[in-house]
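For reference, the chains in residue letters:
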Amino acid sequence: MTIKVCVCGGGNGAHTLSGLAASRDGVEVRVLTLFADEAERWTKALGGDELTVIVNEKDGTKTEVKSRPKVITKDPVVAISGADVVVLTVPAFAHEGYFQAMAPHVQDSALIVGLPSQAGFEFQCRDILGDKAAAVSMMSFETLPWACRIKEFGKKVEVLGTKSVLAASLIKGTAETVDPLSTLQMLHGAEPVFRLAKHFLEMLIMSYSFVHPAILYGRWGTWDGKPVAEAPLFYQGIDQATADMLTACSDECKEVANAIMAACPGNDLSDVKDIYQWYLEYYHEDIQDDKDLYHAITTNKSYKGLVHPVKAEDGGVVPDFGNRYLTEDIPMGMIVFKGVAIAAGVPIPKNDKLIMWAQEKIGKEYLVDGALTGKDVATTRCPQRYGFNTLNAILTGKKE
Ligand code: NAD
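Since we're looking at a predicted model, the values are computed, not measured. (Residues numbered from 1 in each chain as written. Predicted model: local features only at pLDDT ≥ 70, side-chain atom pairs only at ≥ 80, totals over all residues. Heavy atoms only, no water.)

1. As for the overall build of the protein chain
Of the regular secondary structure elements, the protein chain holds 15 helices and 14 strands. Against the 2.2 N^0.38 benchmark of 21 Å for 400 residues, the protein chain shows a C-alpha radius of gyration of 21 Å, consistent with a compact globule. With the C-alpha coordinates aligned to their principal axes, the bounding extent of the protein chain is approximately 55 × 50 × 40 Å. Within the protein chain, buried positions represent 54% of all 400 residues. Counting contacts in the protein chain only where the partners sit at least 6 residues apart, residues at least 24 apart contribute 71% of the total. (Helix = DSSP H or I, 4+ residues; strand = E, 2+ residues; numbered from the N terminus. Rg over C-alpha atoms; globule rule 2.2 N^0.38 Å. Buried < 20%, exposed > 50% of the residue type's maximum accessible area, 1.4 Å probe, protein only. Contact = heavy atoms within 4.5 Å.)

Here is the structure:
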């Protein structure tokens, strides 16, 4: 049996997944990109050649994987019809267009994958797919499996590094699908080793979407508006107060998880971890001093050299708040978590404080007096936006 995989997107991740998946026996890859003329450009760039994925292996060697997707198209009928697996590998702001394009054509037995999904993926998918949503299965990956960059558009992409392990959550639909975990593992290869999380809300809560806003707030929350000489270190430059803020936000995450488990038995969110524990697990090889969260972040080697996003002004630099640390992590992150917290009846004052500061910096209004009634809520993925107002609605997908 041939497994038909539709890869949605045309960027770094889409190039990488298309090339790796198309190289597997018994796999047919269709690329769907709805963005401008990207499908035509990719088709033309590839011509009669093969797509090359250069993989930097952990032992320092390089492997070249060559293959060809069957088709690269902007036509959802061609790409989606009969697809067993549909993988969205684009930034979250572009998901909506793909859900709308697939809705009339996706088969009930499809496995719809967010690679990565970011918070609210399931709410948006359920809302746009309507009646089909109960049948399909939805899988959410916590992040992209690789650090990857296109070297030559349409032809060559380089995998700079591959995660060792990666978690994904699964909401099984009523229709039978290909086996989710083993199929995704086969498409990717030996690494990362995928594991199933216990619950989709675990993935949502543990996206820890407060991290970037908290670090920005810690550095610029009381800033006097005057340019500084150079971009400060992002993670390694945090202070103790920021580490405390991170811990407080993480504690609120656990409170929400505990409240959901108490109110809705059978929903296992026991793996929602304290952020410090999460850092120790994920970065144990990179952390030089793990005595507390502050040291774990500031001595994490993998953060070396990463600085705050800034723009030049008057001979110095000022923060640039218009990047995805706020423009994605608030509407596709913190606001979604806030929506879940409201449904669970749990106050999250520390998270609220960050949201109030951040939404002003990006010129948006989501949270007003503790409620998600701001004029820009309809551009977020909070559950209430789609009519999932109660915990039961959030968990089952039945609007109420
Ligand atoms: P990317 O920046 O390469 O994606 C660009 C693609 O997004 C474009 O080629 C186009 O297909 C689509 N796109 C851009 N603007 C659009 C628009 N206005 N309308 C519709 N589509 C549009 O993204 P990526 O590097 O493949 O990453 C995918 C996701 O994974 C992102 O959320 C990213 O933050 C995350 N991620 C990436 C990496 C990495 O190394 N590339 C690592 C970790 C996480």
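2. Thoughts on the site of the ligand
The environment of the ligand is formed by 20 residues, the closest being Asn12, Gly13, Glu38, Cys148 and Arg149. One of the side-chain N or O atoms of Glu38 is found 2.5 Å from an oxygen atom in the ligand. Burial of the ligand by the surrounding chains reaches 72%, relative to a free accessible area of 830 Å². Counting residues per element, the shell around the ligand draws most heavily on strand 9 (residues 146-152), which supplies four residues. (Near = heavy atom within 4 Å. Polar contact = N/O pair within 3.5 Å; in protein donor to acceptor, adjacent residues only side chain to side chain. Areas by Shrake-Rupley, 256 points an atom, 1.4 Å probe, with all protein chains shown as cover.)

3. What to know about the packing of aromatic side chains
Counted by the stated rule, this structure contains 19 aromatic pairs. Here the aromatic rings of Phe123 and Phe200 are separated by 6.1 Å at their centres, their planes lie at 80 degrees, and the arrangement is edge-to-face. Residue Phe123 is located in helix 5 (residues 121-129), and its partner Phe200 is located in helix 7 (residues 200-205); the two are separated by 77 residues in the primary sequence. One exposure class covers both Phe123 and Phe200, and it is buried. Following the ring pairs from residue to residue traces out a cluster consisting of Tyr208, Phe210, Phe234, Tyr235, Trp278, Tyr279, Tyr282, Tyr283, Tyr303 and Tyr325. If you follow Arg41 out to its NZ or CZ, it ends over the ring of Phe153, 4.5 Å from the centre. Its end group placed over the ring of Phe200, Arg126 keeps NZ or CZ at 5.9 Å from the ring centre. (Phe/Tyr/Trp six-rings, centres within 6.5 Å; stacked < 30°, edge-to-face > 60°. Lys NZ or Arg CZ within 6 Å of the ring centre and 35° of its normal.)

4. Notes on helix 5
Most of helix 5 sits out of view: eight of its nine residues are buried. Of all the positions in helix 5, only Phe121, Glu122, Phe123, Gln124, Cys125, Arg126, Ile128 and Leu129 are classed as buried. Of the residues flanking the end of helix 5, it is Gly130, one or two places downstream, whose phi is positive at about 55 degrees.

5. What to know about the sheet that holds strand 3 (residues 51-56)
Reading across from one edge, 4-3-10-9 is the order of the four strands in this open sheet, with mixed pairing throughout. Pairing within the sheet leaves two strands with one partner each, and these edge strands are strand 4 (62-67) and strand 9. Averaged over neighbouring strand pairs, the angle between their axes works out to 20 degrees when direction is ignored. (Pairing = 2+ DSSP bridges. Axes fitted to C-alpha atoms, helices over the stretch in contact; angles between N-to-C directions.)

6. Concerning the state of the cysteines
Under the defined criterion, the tally for this structure stands at zero disulfides. Residue Cys8 stays outside any disulfide, its sulfur separated by 4.0 Å from that of Cys6, the closest cysteine. Residue Cys148 stays outside any disulfide, its sulfur separated by 16 Å from that of Cys8, the closest cysteine. Cys148 sits in the buried class, given a relative accessible area of 1%. (Disulfide = S-S within 2.5 Å.)

7. Considerations on the environment of Ala94
Here Ala94 shows up in the loop between strand 6 (85-88) and helix 4 (95-102). As for Ala94 and Val318, which are separated by 224 residues in sequence, their C-alpha atoms are 29 Å apart.

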